[in-house]
Amino acid sequence: MIDDKAMAIGQYIPGRSFLHKLDPRLKILTVIIWTLLLFSYTSGWELLAFCALLLIVLAAARVPVFSILKSLKVVTVIVVVTFMMQALLTPGKVIFHWAFLNVTDSGLSNGIIYSGRILVLVVLLSILTATTPPIGLADGMESLLRPLKALKVPVGRVATLISIILMFIPDILEQSRKLIRSQAAKGADFDSWNLPGRLKNITFLLTPLFVKVFYRADALGTAMYSRCYGSAEKRTRLHPLKIGLWETAAAVALTALSIIIKYVIPG
Amino acid sequence: MKHQKRWFEIPSRNESEVYGADLRSARLVTSLTGVMAFATLSAVGARLIIDTKPVPFTLQVFFVLLAGMLLGSKLGALSQVIYIGAGVAGIPVFAAPPFAGIGYLAGPTGGYLIGFVLGAFVTGLVVEKFMTLKNRVPSLVMYTISGLAGVTALYATGMSWLAVWITAVKHNGFSNSLALAWKTGVVPFILVDTLKAAGAAIFASGARLAGARFARS
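Please read these numbers as outputs of a predicted model, since none were measured by experiment. (Residues numbered from 1 in each chain as written. Chains lettered and ligands numbered in written order. Predicted model: local features only at pLDDT ≥ 70, side-chain atom pairs only at ≥ 80, totals over all residues. Heavy atoms only, no water.)

### Some remarks on the overall build of chain B
Item 1. In terms of helices and strands, chain B carries 9 helices and 0 strands.
Item 2. For chain B, the N- to C-terminal ordering of α and β elements is α-α-α-α-α-α-α-α-α.
Item 3. Per-residue burial for chain B yields a buried fraction of 54% across its 217 residues.
Item 4. Within chain B, contacts between residues separated by at least 24 positions form 64% of all contacts whose residues are at least 6 apart in sequence.
Item 5. About 9200 Å² of surface is accessible on chain B, with carbon and sulfur atoms providing 69% of the total. (Helix = DSSP H or I, 4+ residues; strand = E, 2+ residues; numbered from the N terminus. Buried < 20%, exposed > 50% of the residue type's maximum accessible area, 1.4 Å probe, protein only. Contact = heavy atoms within 4.5 Å. Areas by Shrake-Rupley, 256 points an atom, 1.4 Å probe, with all protein chains shown as cover.)

Okay, structure coming up:
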């Protein structure tokens, strides 16, 4: 079924720190650049230096550190599996031997880098979502994707729908989980081995799900129509985005530092 | 209303009766609600793992194909773009950990996400071609063919990106990676997804019939 643990990742923690006030466009751009840089780091020292940089950002975010670390719990299994695979399967000089398992030096360093990347990436993303409300992210993406308008992509509409759907999805997920339970309570057997029977049971799930989703969407459509959505060409914003000088300076400085890491720290 | 322009074919109520004069806005809102419904369903499909015995069963591909079949090429693709957008904005809607974020798109399975957009688009395109060629409501066979075309597009995109990713990480040649990507990223899913395409076709033609009956009443 649906695990609630994963919900911890994308949670916004309200606050008034510098990072909260930072323009969402700058934050998204910085995260994209950092994600790319993260994959170009090839030694543990570079990764460690990047972690120091991340600590500064975390301090500036002024969110409870525990809530960020909680998101790491979700990827524990993947990190451990990645580390073991790299440590045991990479050929190189054997430094630890037990039964048929050989841990090699290059395997160990590869394992640290690959699993470290995942951990750092998750922390980075949870800082982004913890300090930016979903609406802010949607607005930021709209603004960044505006060049696509030349290709006749309805960027404004996409952003509107994304910001609506951010509230819509958790609700429907919750409802569909209830639906599975209630259908199972009524005798729908999702565990049966025979294929036709199972397909039939899935129909018992699909039909009410469809009815629910379309009923909601229909109600929302009526609400949008009665607020004259689509009647005017240009829509204005309640809170227009703007980038200040200090914000830009901070973002540029952080990005520059992360690039310097790549060339200064010995690989 | 004529059958040509409006692809979203599950009319909620008698449109002109409810919405009055501003048909332009009404149509826009109707198609957008359809897009939104399918974006939500895709998210639910990814995160709702029905715990069946041999392998867990998800409904994501099913909803992607259905979006193409019922919304048409452009709106179907739009619904998938919005699904991805919601994931990038931080709502945990993707199928594997970390479930959200820009990093997921760059990961090994990111190609499948782009594949969802293309898959819905191709499915819708084939349905539309059938509709203009034969000039009638598509049959079950047409839906199935379009669904299979969509699945092909989806996996072609997903596999190519997976191969690129494997090449970058493992540094073996592109053709080797392509073979590996085929073996791990496509073959295990062929049978299940063919079945899903058929299922989506059955569901789509059922929805068309129900919609037509609803519109007449």
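Now that the structure has been shown, the text picks up again.
### Some thoughts on the nonpolar core
Item 1. Among the nonpolar cores identified, the biggest contains 117 residues, and Phe 50 and Ile 127 of chain A together with Phe 38, Leu 66, Met 69, Ile 82 and Tyr 83 of chain B are the most heavily contacted of them.
Item 2. If one sorts the elements of this core by residue count, helix H2 (residues 23-47) of chain B sits on top with 13 residues.
Item 3. When residues are assigned to domains, this core turns out to be shared by domain 1 (1-132 + 239-267) and domain 2 (151-235) of chain A, each giving three or more.
Item 4. Among all residues touching Phe 50 of chain A, those that are not within four sequence positions of it are Trp 34, Leu 38, Tyr 41, Val 120, Ser 258 and Ile 261 of chain A. (Core = buried A, V, L, I, M, F, W, Y, C linked by side-chain atoms within 4.5 Å. Domains from an automatic or database assignment.)

### Points about the packing of helix H5 (residues 76-89) of chain A against helix H6 (residues 105-131) of chain A
All names here are of chain A.
Item 1. For the pair H5 and H6, the least separation of the axes is 7 Å and the interaxial angle reads 160 degrees. In terms of axis orientation, H5 runs roughly antiparallel to H6. The two elements H5 and H6 cross, and the hand of that crossing is right-handed. On H6, the residues that touch Ile 78, Val 79, Thr 82, Phe 83, Gln 86 and Ala 87 of H5 are Gly 107, Leu 108, Asn 110, Gly 111, Ile 112, Tyr 114, Ser 115, Ile 118 and Leu 119.
Item 2. Looking at the contact of H5 with H6 residue by residue, the class counts come to 9 nonpolar, 6 polar and no charged. (Axes fitted to C-alpha atoms, helices over the stretch in contact; angles between N-to-C directions. Parallel < 35°, antiparallel > 145°, perpendicular 65-115°, else oblique. Left-handed = near helix turned anticlockwise from the far one by under 90°. Nonpolar A, V, L, I, M, F, W, Y, C, P; charged D, E, K, R; others polar.)

### Focus: the pattern of salt bridges
Item 1. Taken as a whole and assessed by the stated rule, the structure comprises 4 salt bridges over all chains.
Item 2. Asp 23 of chain A is the salt-bridge partner of Arg 25 of chain A, the closest N and O atoms lying 3.1 Å from each other.
Item 3. Judged by relative accessible area, which is 3%, Asp 23 of chain A ranks as buried.
Item 4. Asp 193 of chain B serves as the salt-bridge partner of Lys 196 of chain B, at 3.6 Å between the closest nitrogen and oxygen. Pair noted here: Lys 196 of chain B and Asp 193 of chain B are both in helix H9 (residues 190-216), with a separation of 3 residues, about one helical turn.
Item 5. Under the relative-accessibility criterion, Lys 196 of chain B is labelled buried at 10%. (Salt bridge = Lys/Arg side-chain N within 4 Å of Asp/Glu carboxyl O.)

### Observations regarding helix H4 (residues 73-88) of chain B
Item 1. Between its first and last C-alpha atoms H4 of chain B spans 23 Å; for 16 residues at 1.5 Å apiece the expected length is 22 Å, and the two agree.
Item 2. Among the 16 residues of H4 of chain B, 13 are classified as buried, and the element is accordingly described as predominantly covered. (Expected span 1.5 Å × (residues − 1).)

Keep in mind these values describe shape, not function.
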